[in-house]
Amino acid sequence: ATISLILQRRWKKAKRLGFADECVPPRVMENAARMLVLSGHPKRQLPFMQRMMNGPLKGVVASQAKKQVAVRARPEHYPAPYAILDMWANYGGNALAVPAGKPTSMEAIAASPTTKNLVRVYYLQERLKGFGKDSDFAPKHLHVIGAGVMGGDIAAWAALRGLTVTLQDQSIERIAPAIHRAAIAFKRKLRDDTQVRFALDRLIPDPSGQGVRQADVVIEAIFENLEAKQKLFADIEAIAKPDAVLASNTSSLKLEDIAAGLKHPSRLIGIHFFNPVAMMPLVEVVEGRESDPQALKKGLAFVRKIDKLALPVKSAPGFLVNAVLAPYMQEAMRCVDEGIAPEVVDEAALAFGMPLGPIELADTVGLDIAVAAGKQLASGISEPPRKLMELVNAGHLGRKTGRGFYTYNQGKPQKGAVGQVPTGLADRLVTPFLAAAQRCVEQGVVADAELADAGVIFGTGFAPFRGGPMNYLKERNEQP
Ligand code: NAD
């Protein structure tokens with residue numbers, strides 16, 4: 001008999017779906033199981049549609065499922081989901097029945113480079129999870145200054161993860177949109193109304209900045225202006241707890257320059273989140289030339305506490321993630337300047353295994369931001385990409401204005417048919433990316449090649465099945 005007794009109220013859905021026979025409180029669980037066995041209740045039959053899908057319609061279901069998988073993973077990159085479908089459709093779900101010589105066999109999947117590299121990615125993730133573990137710093141209160149795109153979302157994320165968060169901006173009107181966004185996100189993530197209320201109670205609008213005094217961590221996320229940040233940190237330092245972590249979310253200013261506004265510049269570290277905060281697992285924790293190692297350790301512990309992956313990096317233009325992305329995106333835009341269609345450029349990157357083409361990525365980040373990042377990070381000698389400048393000058397800033405390299409309809413890029421992808425295009429695109437990753441390792445921006453791989457995979461989505469840029473370079477060099 002199939003007896004599954006599921007204990008908790010929230011598992012009632014399991015019964016509705018047919019995974020469980022009964023759903024009872026723990027104290028009557030054993031009795032209920034006994035009664036069910038003794039009742040002679042006939043074995044549960046699968047609903048009619050499920051029997052059809054497991055029987056005569058199996059082939060159709062498998063081919064539909066394959067199409068759905070194909071939207072997210074190409075078979076040449078990720079063979080395992082296709083192997084599972086083949087096993088279900090043709091071998092009764094028995095992995096051991098698939099002949100060893102077949103590409104969908106357990107032997108072939110286990111031996112594939114994808115498997116080896118994904119196992120590697122798992123261990124890389126474990127290594128990142130280890131940062132901050134050795135600290136007894138247990139932050140409870142975060143104060144965020146700047147309730148814009150980044151500050152608002154950092155505050156919401158930390159409140160969702162259980163911290164008390166005070167959110168400061170120049171006026172309550174500037175904080176309101178962030179709270180509104182948070183309410184929508186909490187509803188989607190938590191579902192339970194009481195939990196949503198608790199999370200919203202933890203997120204406190206604080207236009208006068210009272211929260212600084214009690215906060216264990218203070219994150220500054222105001223606009224990118226050195227003087228404003230210096231002045232702000234001088235004010236914060238005067239009233240914050242002496243052992244509070246003081247951090248900037250700056251993307252492009254030098255941490256050392258911002259720290260010059262402090263009496264004790266060693267207190268400042270960088271805690272650099274990525275946009276969109278809720279989706280991006282990585283956070284760079286930046287060590288400035290003068291940063292106190294203890295502050296850095298606390299910063300790493302804070303990032304772990306809010307369930308993000310912390311990557312320690314040294315203060316350098318673009319840190320790791322933006323330093324590798326910028327030259328890659330610039331190269332892609334140069335290809336467009338040479339007359340290659342954006343769709344073709346993006347397809348070359350997707351075929352390599354990137355999650356999003358570089359042109360669509362530029363549109364998504366915002367072309368104004370791409371220009372600013374390019375100025376700061378690309379070799380100052382070269383001209384900015386022509387088409388990029390034309391679009392920005394005409395006010396077409398990408399997805400947010402409805403037009404950039406692509407035109408957007410309800411947030412979706414309207415792409416034309418992809419023509420022939422020229423040989424070597426993917427190589428041309430990833431070469432600057434790989435070179436930048438290598439440079440970051442050589443210059444000590446990250447401690448070693450493994451951390452460069454981890455940071456780049458979790459910070460940019462770089463083809464996980466390739467095991468990271470440094471791993472890819474190594475494998476490519478080893479090829480005969
Ligand atoms: P934004 O323009 O959306 O928000 C900035 C907010 O700061 C505004 O609401 C403004 O009213 C407020 N502000 C300005 N001066 C203030 C002050 N003195 N006191 C209190 N509030 C003040 O900016 P953003 O895109 O969220 O960027 C903020 C920081 O995060 C920048 O340093 C940026 O480099 C960095 N960053 C941005 C991104 C991104 O993709 N936007 C990604 C990573 C890091």
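My aim in this report is to walk through the structure given alongside it, one point at a time. (Residues numbered from 1 in each chain as written. Predicted model: local features only at pLDDT ≥ 70, side-chain atom pairs only at ≥ 80, totals over all residues. Heavy atoms only, no water.)

Quick look at the site of the ligand now. Taken together, 19 residues surround the ligand, and among them Met-150, Asp-169, Arg-174, Glu-224 and Lys-229 come closest. Between the ligand and Asn-275 there is a distance of 3.4 Å, counted from an oxygen atom to a side-chain nitrogen or oxygen. Protein burial of the ligand: of its 840 Å² of free accessible surface, 79% is covered by the chains. Along the lines of polarity and charge, the residues of the shell around the ligand split into 7 nonpolar, 8 polar and 4 charged. (Near = heavy atom within 4 Å. Polar contact = N/O pair within 3.5 Å; in protein donor to acceptor, adjacent residues only side chain to side chain. Areas by Shrake-Rupley, 256 points an atom, 1.4 Å probe, with all protein chains shown as cover. Nonpolar A, V, L, I, M, F, W, Y, C, P; charged D, E, K, R; others polar.)

A few words on the packing of helix 15 (residues 342-352) against helix 19 (residues 425-442). Helices that pack against each other are described as a pair by the angle of their axes relative to one another and the distance between those axes. Running from N to C, helix 15 and helix 19 cross one another at 80 degrees; their axes reach a closest spacing of 9 Å. What the angle tells us is that helix 15 and helix 19 run roughly perpendicular. Here helix 15 contributes Val-344, Val-345, Ala-348, Ala-349 and Phe-352 to the contact with helix 19, which in turn contributes Leu-425, Ala-426, Leu-429 and Val-430. Residues that form the contact of helix 15 with helix 19 fall into these classes: 9 nonpolar, no polar and no charged. (Axes fitted to C-alpha atoms, helices over the stretch in contact; angles between N-to-C directions. Helix = DSSP H or I, 4+ residues; strand = E, 2+ residues; numbered from the N terminus. Parallel < 35°, antiparallel > 145°, perpendicular 65-115°, else oblique. Contact = heavy atoms within 4.5 Å.)

With that out of the way, let us pick up the packing of aromatic side chains. Within this structure, the stated rule accounts for 6 aromatic pairs. Centroid distance Tyr-328 to Phe-433: 5.3 Å. Interplanar angle 85 degrees. Geometry classified as edge-to-face. A residue pair is termed long-range when its members are at least 10 positions apart, and Tyr-328 in helix 14 (residues 321-337) and Phe-433 in helix 19 qualify at 105 residues. By relative accessible area, which is 2% here, Tyr-328 ends up buried. (Phe/Tyr/Trp six-rings, centres within 6.5 Å; stacked < 30°, edge-to-face > 60°. Buried < 20%, exposed > 50% of the residue type's maximum accessible area, 1.4 Å probe, protein only.)

Enumeration over the complete set of coordinates arrives at 1 cavity of 30 Å³ or more. Roughly 30 Å³ of internal volume is contained in the largest cavity. In terms of lining, the largest cavity is formed by Leu-255, Glu-256, Ala-259, Pro-265, Leu-268, Gly-288, Arg-289, Glu-290 and Ser-291. Looking at the lining of the largest cavity, its residues break down into 4 nonpolar, 2 polar and 3 charged. (1 Å grid on protein atoms, 1.4 Å probe; cavity = no way out; pocket = protein on both sides within 12 Å on 5 of 7 lines; lining within 4 Å. Points joined across faces, edges and corners; volume = space filled by probe spheres on them.)

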